[in-house]
Protein chains: 2
Amino acid sequence: MEKFESIHLDKNSTEPLYIQIYKGFSNLILSGQIKYGEKLPPIRLMASFFDVNTVTIVNAYKKLQSDGFAKSKVGSGTYACFLGDISSKSKHSDKLVNTTKDKGIRFDFSAGSISPDYFPVKEFKEIINEVLDRDGGYALEYQESSGYQPLKESIGHFMSVQHDIDVPLDEIQIISGAQQGIDLIAKAFLNSGDTVYVEAPTYPGAINAFKSRNASIVEINMEKDGVDLEDLKRNIKNNPPVLFYTMPIFQNPTGYSYSTEKKKELIALSCKYNFYIIEDDHISDLYYTEKPSLLKAFDNSEKVFYIKSFSKLFLPGLRIAFLAVPRRHFNKIALAKYSSDISTSGLSQRILDLFLRKSLWSMHINRLQRIFYEKWQETLKAFDKYMPSGIKCFAPGGGHFFWIALPQDLYSSTLYHEAIKKGVSIVPGDLFFINQKPSESFRLSTAQIPTSDIDSGVKLLCESIQSLIDNTGGVFRGPGDKPLL
Amino acid sequence: MEKFESIHLDKNSTEPLYIQIYKGFSNLILSGQIKYGEKLPPIRLMASFFDVNTVTIVNAYKKLQSDGFAKSKVGSGTYACFLGDISSKSKHSDKLVNTTKDKGIRFDFSAGSISPDYFPVKEFKEIINEVLDRDGGYALEYQESSGYQPLKESIGHFMSVQHDIDVPLDEIQIISGAQQGIDLIAKAFLNSGDTVYVEAPTYPGAINAFKSRNASIVEINMEKDGVDLEDLKRNIKNNPPVLFYTMPIFQNPTGYSYSTEKKKELIALSCKYNFYIIEDDHISDLYYTEKPSLLKAFDNSEKVFYIKSFSKLFLPGLRIAFLAVPRRHFNKIALAKYSSDISTSGLSQRILDLFLRKSLWSMHINRLQRIFYEKWQETLKAFDKYMPSGIKCFAPGGGHFFWIALPQDLYSSTLYHEAIKKGVSIVPGDLFFINQKPSESFRLSTAQIPTSDIDSGVKLLCESIQSLIDNTGGVFRGPGDKPLL
């Protein structure tokens, strides 16, 4: 009965005794001192323990039941049935943090999204409270399907200031993350069997979205300055696509960006052969050399569906992005959105709106630019120091992805297993191709690793590569020949 | 002071006096007997009226304030402010509230979702800050696609306590609202041209989701005790479906619920003819007579995909719901989810988790049950008083929808235009059928209208109906014959 001694009753309180007992019990259950499935003491015993009427205990137990803390079994008694303690801060977030550590990964070069340590949590908290104080319940109402009007205004302003592109508000569709943008366009434009082109390698989520529409997917080879135009033209002649999916800036997984010429040529081809282009802008904000211009900036023919993710560098958990839709297709996309999930969280939209309006977004991006530029320098330096000779590493103009080719016949999945033993993780290139064919290239990402760990991590990785080369004596071929820093 | 005589105190109750007084006042405010903005009587006066200590009245008034029923003005007193104390908030929410008022709608019987005035904003704010303090940036990370594990545990617990159904955690897929659930099932199971059955009338969002997959949609007539089984069997013989979409409890738009026999028969048919059932549980929590049992409770053959929305009665803006998926189909649904939008907001999931764990969800539902039960009574009373003779109104067992049939050849769209002139809005039945054919029935919803406005609103609506009858001399036929209250 010891644990019940922590429940102190105040018989002079305005709070009725049964509520006080109820609260005491629910605290014991929440804190795990009464375990899930544990039988609560008999009513008479508790009544004498607390020196109250049995009715008081009956009422407390009843409230525990109606609030889901306990369950009564006929003829047997009352049992705690709440679900243990997960509310303690440390345990909870530790568990989350340790998911990679559990696997013994000390140097994580595999994560594709940035570490939560970089999120502007303090500002986020202030903003969310401001939104709730301002709008009350209306912040949590259904939102117009195309999006919250003030956010569209902020986005229009953002596109004009950041990218010098005029996006009319009635061409903006707010979406729940970039993946939904790809899925909505697929839903609106693809029939079963239609052809879609993707870059090879490319983002696997896009492949999934097109597969889910039973599309026929064709890979077009990716080069350091954009898609291989010869390969593209060859394919167009045989089997022109309905859609072409591209990440023209700091592509995932290669980090490659299109040259201006290739951007113009791609738009020209889309006009000539009448296909649409999905421009997935996942990370153009994070540039280190010159500011890149969007593919959409070259589109005068309503060919480009531009997807801008705010999740990648900001708060993935908000699930927010937008789609700039050529006007004549807007209704089609709006209907696809409505039938998919009605609308994107109005709360998330209000939060992003204030982040943009208060310039917190640009402050956040500036901060990330500094952090990731350092990581980029550190990574390139480490490549220079440790990479086995013959393996050339391309330095992307921004982002946090590096695409590295191993010697011929040395598969990246072999490296993956080798490196894991040293506590280093990378992503084998296989995952970025439709049929996940064995690839000699792999993706290295600095999204999560602290700057101070990069040198040691790359060193260990390069030792793994060297030992595999020593064992197999592979022939070198690298995808890049740009000099390192 | 007359109205306060309706408050009877029981000094022997386990419920403290201040709570009894609080309840009496909140009922007077909810029912409109204390008007918005009305000053509550001075504390001393009330203390002598009820023959209690002044502290008791102070505590009752404090609780009215903290629960949003009243506001204190310094040096002036306490004023009722429930329902519509939005004028005092920012201009911003005025704008939102006035969208219907701008159209001259004084009595809104058309809205399908409950008023933001009912949202537990204060608790929401506390919870969101607790989540951010506890998890920091991790609350805003990408979430595992199937959902946040602790939320799945809470949901498992909820289903066991509320519905006495055991839902294993690995059969739970968290989704961004019920609409997404319908869309994901369509995505996973429908090929172009496949047949889907829906009830007639039904929720238009479901029709949209099936149309977007190019499904062939067949309407099965809905009756007061569930779908018309003869109509269903006839159709199955010609053209069996892949999916059957149903809202078995307090259907939208009719408010009808399935009898136990029809539930069993529907499951039996799905086994015999090998189709799946989507059970859309939009509002089963809001029952007034007996607690309804879910269709899923009768499913022993992995036929039912159960969708539970938490948006309808809670916070639509969170965009959160869950899908209980028969185990052998889980991977298919998980892939559909991943390719659609990767995951549902981790922040929303954490918030709902704490609402469930802290029993704030059940407290919220209890409160709504009281409010909407009063609205239901008020509506049925008003029907009884004002509805032209010959028009029978079915009293649903819960929810906030009423489905009313006008005399033959008197179309509900005609009534819609007539009623709008008097400032009353309803939804013509046309919208709830596939081809939006002219319907003589309409949906009346009490989701947004204050209880105190129901009598006047129904009176005006019935005057519109009567004048149309007088002009056309329609033949009566009603869908229901259950006696009114």
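With an unreviewed UniProt entry as reference, chain A is termed DNA-binding transcriptional regulator, MocR family, source organism Tepidanaerobacter syntrophicus.

Draft legend 1. Main features of the interface of chain B and chain A. Counting residues at the interface gives 75 residues for chain B, matched by 71 residues for chain A. Between chain B and chain A, roughly 6400 Å² of surface is buried when both sides are summed, and carbon and sulfur atoms account for 59% of that area. If you sort the residues of chain B by the area they bury against chain A, Tyr138, Leu140 and Tyr142 of chain B come out on top, with a joint share of 11%. The interface formed by chain B and chain A contains four salt bridges. In this structure, Lys125 of chain B engages Asp133 of chain A in a salt bridge whose closest nitrogen and oxygen atoms are separated by 2.3 Å. The tally of links between chain B and chain A comes to 17 residue pairs in polar contact (both at pLDDT 80 or more). Those elements giving two or more residues to the side of chain B that touches chain A turn out to be helix H4 (91-102), helix H5 (121-135), helix H6 (149-163), helix H7 (178-189), helix H8 (204-211), helix H11 (330-341) and helix H12 (346-357) of chain B. With nine residues, H5 of chain B is the single largest residue contributor to the side of chain B that touches chain A. Of the residues that constitute the side of chain B that touches chain A, the class distribution is 27 nonpolar, 30 polar and 18 charged.

Draft legend 2. Local environment of a nonpolar patch on the surface. A cluster of nonpolar side chains, Met1, Leu45 and Phe49 of chain B, forms an exposed patch at the surface whose accessible area comes to about 250 Å². Looking at Phe49 of chain B, the relative accessible area reads 31%, which means it is partly exposed.

Draft legend 3. Representation of the sheet that holds strand E12 (residues 401-405) of chain A in the model. All names here are of chain A. Taking strand neighbours across the sheet as the criterion, the three strands line up as E12-E15-E14 in an open arrangement whose pairing is antiparallel. A single partner strand is all that each edge strand has here, and the edge strands are E12 and strand E14 (427-428). In the sheet, E12 pairs with strand E15 (residues 441-445) via five bridges, with the strands oriented antiparallel. Considered in E15, the bridge of Ile404 is made with Phe442. Sheet strands touched by helix H13 (residues 360-386): E12 and E15. Its angle to E12, the strand with the most contacts, is close to 15°.

Draft legend 4. Quick peek at empty space enclosed by the protein. Going through the model one piece at a time under the given rule, you end up with eight cavities of 30 Å³ or more. Its volume calculated, the second largest cavity comes out at about 100 Å³. As for the second largest cavity, its lining consists of 15 residues, of which Ser176, Arg319 and Ser345 of chain A together with Ser176 and Arg319 of chain B are closest to the centre. Its residues placed into classes, the lining of the second largest cavity shows two nonpolar, nine polar and four charged.

Draft legend 5. Examining the packing of H5 of chain B against H12 of chain B more closely. Residues and elements named next belong to chain B. Where H5 meets H12, the closest approach of the two axes is 9 Å, and the angle between their N-to-C directions is 115°. Considering the relative orientation of H5 and H12, their crossing is right-handed. On H12, the residues that touch Glu123, Phe124, Ile127, Ile128, Glu130, Val131, Leu132, Arg134 and Asp135 of H5 are Leu347, Arg350, Ile351, Leu354 and Phe355. Taken together, the residues of the contact of H5 with H12 break down into nine nonpolar, no polar and five charged.

Draft legend 6. Up close: the pairing of strand E9 (residues 276-281) of chain A. Residues and elements named next belong to chain A. By the criterion of burial, E9 is predominantly enclosed, with six of the six residues buried. With burial as the criterion, each face of E9 is covered, one bearing Tyr276, Ile278 and Asp280 and the other bearing Ile277, Glu279 and Asp281. Of the strand pairs in this sheet, strand E8 (residues 243-246) and E9 are connected by four bridges, and their pairing is parallel. Each bridged residue has a counterpart across the sheet, and for Thr246 the counterpart in E9 is Glu279. For the handedness criterion, the β-α-β arrangement of E8, helix H10 (residues 260-273) and E9 is classed as right-handed. Both E9 and strand E10 (residues 304-309) contribute to a ladder of five bridges, which runs parallel. What sits directly across from Ile278, in E10, is Phe305.

Draft legend 7. Just the environment of Ile105 of chain B, in detail. Note on placement: Ile105 of chain B falls in the loop between H4 and strand E3 (107-108). When the C-alpha atoms of Ile105 of chain B and Gly423 of chain B are compared, they prove to be 4.3 Å apart, with 318 residues separating the residues in sequence.

Draft legend 8. The packing of aromatic side chains, seen in detail. Evaluated as defined, the whole model comprises 47 aromatic pairs over all chains. Summarising the aromatic geometry, the rings of Tyr276 of chain A and Phe305 of chain A are spaced 5.7 Å apart at their centres and angled 85° between planes, so their arrangement reads as edge-to-face. Note that Tyr276 of chain A is positioned in strand E9 and Phe305 of chain A in strand E10, a separation of 29 residues in sequence. When sorted by exposure, Tyr276 of chain A lands in the same class as Phe305 of chain A, which is buried. Ring plane angle 85° and centroid distance 5.5 Å describe the contact between Phe383 of chain B and Phe402 of chain B, whose orientation is recorded as edge-to-face. With Phe383 of chain B in helix H13 (residues 360-386) and Phe402 of chain B in strand E12 (residues 401-405), this residue pair connects regions lying 19 residues apart in the sequence. On the basis of relative accessibility, which here comes to 1%, the residue Phe402 of chain B falls in the buried class. The structure contains a cluster of three or more aromatic residues connected by ring pairs, namely Phe158, Tyr306, Phe310, Phe314, Phe322, Phe355 and Trp361 of chain A. Sitting over the ring of Phe433 of chain A, Lys437 of chain A keeps its end group 4.8 Å from the ring centre.

Calculation rules
Residues numbered from 1 in each chain as written. Chains lettered and ligands numbered in written order. Predicted model: local features only at pLDDT ≥ 70, side-chain atom pairs only at ≥ 80, totals over all residues. Heavy atoms only, no water. Contact = heavy atoms within 4.5 Å. Buried area = accessible area lost by both parts, 1.4 Å probe. Salt bridge = Lys/Arg side-chain N within 4 Å of Asp/Glu carboxyl O. Polar contact = N/O pair within 3.5 Å; in protein donor to acceptor, adjacent residues only side chain to side chain. Helix = DSSP H or I, 4+ residues; strand = E, 2+ residues; numbered from the N terminus. Nonpolar A, V, L, I, M, F, W, Y, C, P; charged D, E, K, R; others polar. Patch = residues over 30% accessible without salt bridge, like charges linked within 9 Å, V, L, I, M, F, W, Y side chains within 5 Å. Areas by Shrake-Rupley, 256 points an atom, 1.4 Å probe, with all protein chains shown as cover. Buried < 20%, exposed > 50% of the residue type's maximum accessible area, 1.4 Å probe, protein only. Pairing = 2+ DSSP bridges. Axes fitted to C-alpha atoms, helices over the stretch in contact; angles between N-to-C directions. 1 Å grid on protein atoms, 1.4 Å probe; cavity = no way out; pocket = protein on both sides within 12 Å on 5 of 7 lines; lining within 4 Å. Points joined across faces, edges and corners; volume = space filled by probe spheres on them. Left-handed = near helix turned anticlockwise from the far one by under 90°. Right-handed = clockwise from strand over helix to strand, strands pointing away. Phe/Tyr/Trp six-rings, centres within 6.5 Å; stacked < 30°, edge-to-face > 60°. Lys NZ or Arg CZ within 6 Å of the ring centre and 35° of its normal.

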